[in-house]
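# Per-entry structural report
Now for the letters of each chain:
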Amino acid sequence: HPTIGQLKYNGKIYFDALYVLKGRRGNIRWNKDFRPLTGEASQGLVGPCHRYEIDSTIADVYLVHRINRNWLIGRPVLYVVVDSYTRMIVGIHVGLEGPSWNGARHALYNAYTPKREFCKRYNVDIEESEWPCFHLPIELTADRAELLSEAGETMSNTLGTVLNIPPPYRPDWKGIVESRFRLINEKLDLKFVPGGVDARRLERGDRDYELDAVLDLDEFTEMIIAGVLAHNKSLRLPHILTPEMIADDLEPTPINIWNWAMAHNMVNAKLVTPSELKIALLPSQECRITRGGIQFQGLLYTCELAQRENWLAHSHNFRSRYVRVWYDPNSIENCWVKNGAEFQPMTIVPQQAKRYAGFRMEEVVDI
């Protein structure tokens, strides 16, 4: 019988090393980690807004409830939308809902709308020029979890965006957005935040790190916004500069490349009306009109259209009426009803406004 050394020696002679590696690792890991790379992720792109990539991850930190800070609400889900050409993060969403169309739609709504009001909601004052992303992409690349659905197809048809759905087990097909999570984690150092998952290697008998959680959902979102703004202003990308950009002495950061490309009209970016965005992306619900107001998630609302046409009196004295309400879960005050082709904002009735103003949808449900 041959010895182990003879077996290894002859095995290396008669079997190709790559064949052995591929057999041991399997096709999935070979395609992700070991295969040769040809080209780059932004190959074939004309400019910003040509292709957006969207993905989600569970953040490495535990959060507490804003109403009662003794309530632990777990780890939030972070959605990121990134422009493949400039590496600019164009939209985010922090919520408690896992990878699904419901979470992705809010990240896309954020990516397609101006950011100043969104940042102000989380105590971050910016100018529009600091995060100038509110355009629709020509293509949108997403996981099979989020947009492979009838709702995703309806969104694509309404807004005219081409959907790219990569095969399963191929995260390398949208590697730009996958690497954004690592960059954001490095800038924020989440493992050192109280409640961070990797703050230390737990030994038996150690205190659980979730018991140290101090941040709520709004405070964590404010941290993420700060990390995104720093990423867009400071990431160095000299390898994607064109000769024209170099001739103009352009600093190779995502926001500078974005502004230069937009000024030179490299891609004719699309803009849509707020009404089209709300229909395509925001969730809606049929709500009953009662004597006290339009009842939605346990709260009562009113609007100018309801007062002008006496909806409350008609619904109370005659047959009950229902109206479809579009809403944004980031704030209980962001609700609309459709009036013809336009959307009219609703307001919480005065006796409830003071108690619930500024809360998120999940927080109101908890109350």
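Quantities reported herein were computed from a predicted structural model and do not represent experimental measurements.

This next bit is on the overall build of the protein chain. A count of helices and strands for the protein chain gives 14 helices and 14 strands. Overall, the C-alpha framework of the protein chain stretches about 95 × 60 × 40 Å when taken along its three principal axes. Counting across all 367 residues of the protein chain, residues that qualify as buried make up 46%. Considering only intrachain contacts with a sequence separation of at least 6, the fraction spanning at least 24 residues in the protein chain is 64%. Each charge class in the protein chain was averaged separately, 43 positive and 46 negative side chains, and the resulting centres sit 5 Å apart.

This part takes up the nonpolar core. Leu108, Tyr112 and Trp131 are the most contacted members of the largest nonpolar core, which totals 60 residues. Contact partners of Tyr112, with chain neighbours within four places excluded, come to Tyr52, Phe134, His135, Leu136, Pro137, Leu140, Leu159, Leu277 and Leu281. Of all hydrophobic cores here, the second largest spans 22 residues; its members include Cys303, Val323, Tyr327 and Val337.

Counted under the stated rule, the structure contains 4 aromatic pairs. The interplanar angle of 55° and the centroid separation of 6.0 Å between the aromatic rings of Phe296 and Tyr301 together place this pair among those described as tilted. Like Phe296, the residue Tyr301 is buried in the burial classification. Summarising the aromatic geometry, the rings of Trp326 and Phe343 are spaced 5.0 Å apart at their centres and angled 90° between planes, so their arrangement reads as edge-to-face. Pair noted here: Trp326 is in strand β11 (residues 321–327) and Phe343 is in strand β13 (residues 342–345), with a separation of 17 residues, a long-range link.

Attention shifts here to the environment of Ile126. Counting through the fold element by element, Ile126 comes out in the loop between α4 (116–121) and β6 (139–141). In this structure, Ile126 is in contact with Lys115, Arg116, Cys119, Trp131 and Leu229, ignoring residues within four places of it in sequence.

Keep in mind that most residues, glycine aside, have a negative phi and that most peptide bonds are trans. Even without being glycine, Cys49 reaches a positive phi, approximately 70°. In this structure, Cys49 sits in the loop between α2 (17–34) and β1 (51–58). Even without glycine at this site, Asn123 takes up a positive phi of about 65°.

This part takes up the pairing of strand β10 (residues 299–302). Residues Leu299 and Tyr301 point to one face of β10 and Leu300 and Thr302 to the other, with burial holding for every one of them. Linking two consecutive strands that pair antiparallel, namely strand β9 (residues 294–296) and β10, is a turn of 2 residues; a positive phi of about 55° is found at Gln297 within it. Judged from the 2 bridges that link them, β10 and strand β14 (residues 347–348) form a sheet pairing that is antiparallel. Its bridge partner lying in β14, Thr302 is registered against Thr347.

A few words now on the pairing of β1. In terms of residue burial, β1 counts as a mostly covered element, since 6 of its 8 residues are buried. Here β1 pairs with β6 via 3 bridges, running parallel. Residue pairing across strands places Glu53 opposite Thr141, the latter belonging to β6. Relative to strand β4 (residues 77–83), β1 runs antiparallel, the two being bridged by 7 bridges. Residue Thr57 lies in a different strand from β4, and its bridge partner there is Leu78.

With that settled, consider the pattern of salt bridges. With the rule as written, the count across this model stands at 13 salt bridges. Note that Glu219 is salt-bridged to Arg69, the shortest N-O span being 3.3 Å. Of this pair, Glu219 sits in helix α7 (residues 217–234) while Arg69 sits in the loop between β2 (63–64) and β3 (72–74), placing them 150 residues apart in sequence. The exposure class of Arg69 is partly exposed, given its relative accessible area of 39%.

Before going further, it helps to examine the packing of helix α5 (residues 150–159) against helix α10 (residues 274–281). What describes two packed helices is the angle between their axes and the distance between those same axes. Contact geometry for α5 and α10: axes closest at 9 Å, N-to-C directions at 165°. In terms of orientation, α5 lies roughly antiparallel with respect to α10. α5 and α10 meet at a crossing whose hand is right-handed. Across the interface between the two elements, Met155, Thr158 and Leu159 of α5 pack against Glu276, Leu277, Ala280 and Leu281 of α10. Along the lines of polarity and charge, the residues of the contact of α5 with α10 split into 5 nonpolar, 1 polar and 1 charged.

Thresholds, definitions, all that
Residues numbered from 1 in each chain as written. Predicted model: local features only at pLDDT ≥ 70, side-chain atom pairs only at ≥ 80, totals over all residues. Heavy atoms only, no water. Helix = DSSP H or I, 4+ residues; strand = E, 2+ residues; numbered from the N terminus. Buried < 20%, exposed > 50% of the residue type's maximum accessible area, 1.4 Å probe, protein only. Contact = heavy atoms within 4.5 Å. Lys, Arg positive; Asp, Glu negative; His and termini not counted. Charge placed at Lys NZ, Arg CZ, Asp CG, Glu CD. Core = buried A, V, L, I, M, F, W, Y, C linked by side-chain atoms within 4.5 Å. Phe/Tyr/Trp six-rings, centres within 6.5 Å; stacked < 30°, edge-to-face > 60°. Pairing = 2+ DSSP bridges. Salt bridge = Lys/Arg side-chain N within 4 Å of Asp/Glu carboxyl O. Axes fitted to C-alpha atoms, helices over the stretch in contact; angles between N-to-C directions. Parallel < 35°, antiparallel > 145°, perpendicular 65-115°, else oblique. Left-handed = near helix turned anticlockwise from the far one by under 90°. Nonpolar A, V, L, I, M, F, W, Y, C, P; charged D, E, K, R; others polar.

Any functional reading would require information beyond the geometric quantities listed.
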